Amino acid sequence: MAGAVNTAEVSVSTAKSTAFYRPELDALRFFAFFAVFLTHSLPHTPALYSHYHLPASLAFLIGAIASAGAFGVQLFFLLSSFLITSLLLREKQATGNIHLRAFYLRRILRIWPLYFFALALAVLWPLPARIPLNYLAAYLLLSGNWMTVFFGAPKTFVSILWSVSIEEQFYLSWPLALKKSSRSTLVGLAISLIIIANLTRIYLARGVLYDHTIFPNTFAQLDPIALGILCAVFFQNDARRKWVVRLVLAIGGLLTLIVCGHFSSRADVAFTLLGYPAVALATLALFMAIYGLPFRFKPLIYLGKVSFGLYVYHALALYILGLVLGGKAGTPGRFAFYWFGALGLTIFLASASYRWLETPFLHLKEQFAFVKSRPA
């Protein structure tokens, strides 16, 4: 048994020289968060903007952007599956194996401290924003998305953590499959996930459609995860693309998301069948536009580094600013205070959380890393 430990230590030492960190993807992480922030902080109805004498075309555009912001979650899914798969493939190449215990410890140390801290806040928070006990049980078991699928979203600022449940379910199962799979098998598995996602949405479209039955459904969200896996398999090295190609991909991806946002009555049959695949492809286009860029803008990289905290705290910040304004932000000045105040408070909370809550666990996490990634 001692020999096995020594061998693992040697493997870790050997693999430590293999680093995988893409700062440009941190910038994309911040974009994913900011998109979600927009969907939760901006009105989606064009008529509300027309009330302030904005041109109808601009009002429709802002409303579409506000609705499209929800798709930042799919971008998070793609980025997460890409990074996890890439790190595990490199670990397998460097050490000849995927060390499951070390992987699960790394994920626990990265996700759980902030996740369960946020749930504790939601338990202690005064009504009406306190998390209901039946939802709390599901979120504690990392299955909050399924509670949302069957009963709708809880009226609490941690309801957004359903997406963490989907990622944790992916983390639980994917390393087991990857451990015994060749690259060609991984491609087949990823294609199978895309097929499952589309079949799930076809099945859901045949019945009574509700937003909460599709968007938080793990099986309906497998295609951005699958595309992240395919990116990890095929984009192991720097992606050298001409600027014009990157520009076309970025514009095409953004326009697709905005158009999908405009038509995103996500309980609509047509959008369920066509919109979700289009959104997944749009997130892929954005990834391909950014991946491999020599990005060094440190403020944006930092915001990407704390993006998990930004995502977790932004609904709380919006709730607090709403309380400060008495639930009314009816003038442009009051709305600007609400919007910029919530964004500033979100950044403050995420930065403080990263510094004093998450970083100690991230340093501990590095002890179980076989491939160096982003420094804490």
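Definitions and limits used
- Residues numbered from 1 in each chain as written.
- Predicted model: local features only at pLDDT ≥ 70, side-chain atom pairs only at ≥ 80, totals over all residues.
- Heavy atoms only, no water.
- Helix = DSSP H or I, 4+ residues; strand = E, 2+ residues; numbered from the N terminus.
- Rg over C-alpha atoms; globule rule 2.2 N^0.38 Å.
- Contact = heavy atoms within 4.5 Å.
- Areas by Shrake-Rupley, 256 points an atom, 1.4 Å probe, with all protein chains shown as cover.
- Lys, Arg positive; Asp, Glu negative; His and termini not counted.
- Charge placed at Lys NZ, Arg CZ, Asp CG, Glu CD.
- pLDDT = per-residue confidence, 0-100.
- 1 Å grid on protein atoms, 1.4 Å probe; cavity = no way out; pocket = protein on both sides within 12 Å on 5 of 7 lines; lining within 4 Å.
- Points joined across faces, edges and corners; volume = space filled by probe spheres on them.
- Nonpolar A, V, L, I, M, F, W, Y, C, P; charged D, E, K, R; others polar.
- Axes fitted to C-alpha atoms, helices over the stretch in contact; angles between N-to-C directions.
- Parallel < 35°, antiparallel > 145°, perpendicular 65-115°, else oblique.
- Left-handed = near helix turned anticlockwise from the far one by under 90°.
- Patch = residues over 30% accessible without salt bridge, like charges linked within 9 Å, V, L, I, M, F, W, Y side chains within 5 Å.
- Salt bridge = Lys/Arg side-chain N within 4 Å of Asp/Glu carboxyl O.
- Buried < 20%, exposed > 50% of the residue type's maximum accessible area, 1.4 Å probe, protein only.
- Polar contact = N/O pair within 3.5 Å; in protein donor to acceptor, adjacent residues only side chain to side chain.

Q: Help me out: how do you make sense of the overall build of the chain in this one?
A: Helix and strand counts for the chain stand at 17 helices and zero strands. Computed over its C-alpha atoms, the radius of gyration of the chain comes to 21 Å, within 12% of the 21 Å expected for a compact globule of 376 residues. In terms of principal-axis extent, the alpha carbons of the chain reach across some 70 × 45 × 45 Å. Here the analysis covers contacts within the chain between residues at least 6 apart in sequence; of these, 79% occur between residues at least 24 apart. In the structure as shown, the chain presents an accessible area of about 17,500 Å², 72% of it carried by carbon and sulfur atoms. In the chain, 30 side chains carry a positive charge and 12 a negative one; their mean positions are 2 Å apart.

Q: How should I be thinking about the confidence of the model for the chain in this particular structure?
A: For any part of a model where pLDDT is low, the fine detail of the predicted coordinates should not be relied upon. Across the chain, the average pLDDT comes to 90, with 93% of residues at 70 or higher. Confidence drops under pLDDT 50 across residues 1-17; counting only partners more than four residues distant or on other chains, this segment forms 13 contacts.

Q: Would you mind showing me how to read the layout of surface pockets here?
A: In this structure, the largest pocket occupies an estimated 890 Å³ of space. Those elements that provide at least two residues to the lining of the largest pocket are helix H2 (23-41), helix H5 (72-95), helix H6 (100-124), helix H9 (162-179), helix H15 (298-305), helix H16 (307-324) and helix H17 (332-366). Per-element accounting of the lining of the largest pocket gives the leading share, nine residues, to H5. Per-class residue counts for the lining of the largest pocket are 23 nonpolar, five polar and 14 charged.

Q: It is not clear to me how the packing of helix H10 (residues 183-206) against helix H14 (residues 269-290) should be interpreted in this structure. Could you clarify?
A: Pairs of packed helices are described in terms of their axes, by the angle between the two and the distance that separates them. The contact between H10 and H14 brings their axes to 9 Å, and the two run at 170°. Comparing their axes, H14 and H10 come out roughly antiparallel. Note that H10 runs across H14; the crossing there is right-handed. Facing Asn198, Arg201, Ile202 and Ala205 of H10, the residues of H14 in contact are Val269, Thr272, Leu273, Tyr276 and Pro277. Split into classes, the residues belonging to the contact of H10 with H14 amount to six nonpolar, two polar and one charged.

Q: Just to check I follow, could you spell out the packing of H6 against H16 for this structure?
A: Relative orientation of the contacting elements H6 and H16 amounts to 10°, with a least axis distance of 11 Å. Here H6 lies roughly parallel to H16, going by the angle between them. Counted together, Arg110, Ile111, Leu114, Phe117, Ala118 and Leu121 of H6 and Phe308, Gly309, Val312, Tyr313 and Leu316 of H16 form the full contact between these two elements. Of the residues that constitute the contact of H6 with H16, the class distribution is nine nonpolar, one polar and one charged.

Q: I'm lost on a nonpolar patch on the surface in this one. Help?
A: On the surface, Ile191, Ile195, Leu199, Ile202, Val269, Leu273 and Leu274 cluster together to form a nonpolar patch covering roughly 620 Å² of accessible area. Of all the secondary structure elements, the ones that give two or more residues to the nonpolar patch are H10 and H14. Examining the composition of the nonpolar patch, we find that four residues originate from one element, H10, more than from any other. Examined against the element boundaries, leucine 199 turns out to sit in helix H10. Given a relative accessible area of 52%, leucine 199 falls into the exposed group.

Q: Help me understand the side chain of arginine 22 in this model?
A: Within the secondary structure, arginine 22 sits in the loop between helix H1 (2-15) and H2. For arginine 22, a relative accessible area of 14% corresponds to the buried category. A distance of 3.1 Å separates a polar atom in the side chain of arginine 22 from a polar atom in the side chain of glutamate 24.

Q: Mind showing me how you'd approach unusual backbone geometry here?
A: A cis amide bond links leucine 127 with the next residue in sequence, proline 128, at an omega value of 5°. If you trace the backbone, proline 128 turns up in the loop between H6 and helix H7 (133-140). In this model, leucine 142 sits at a positive phi of 60°, which is unusual for a non-glycine residue.

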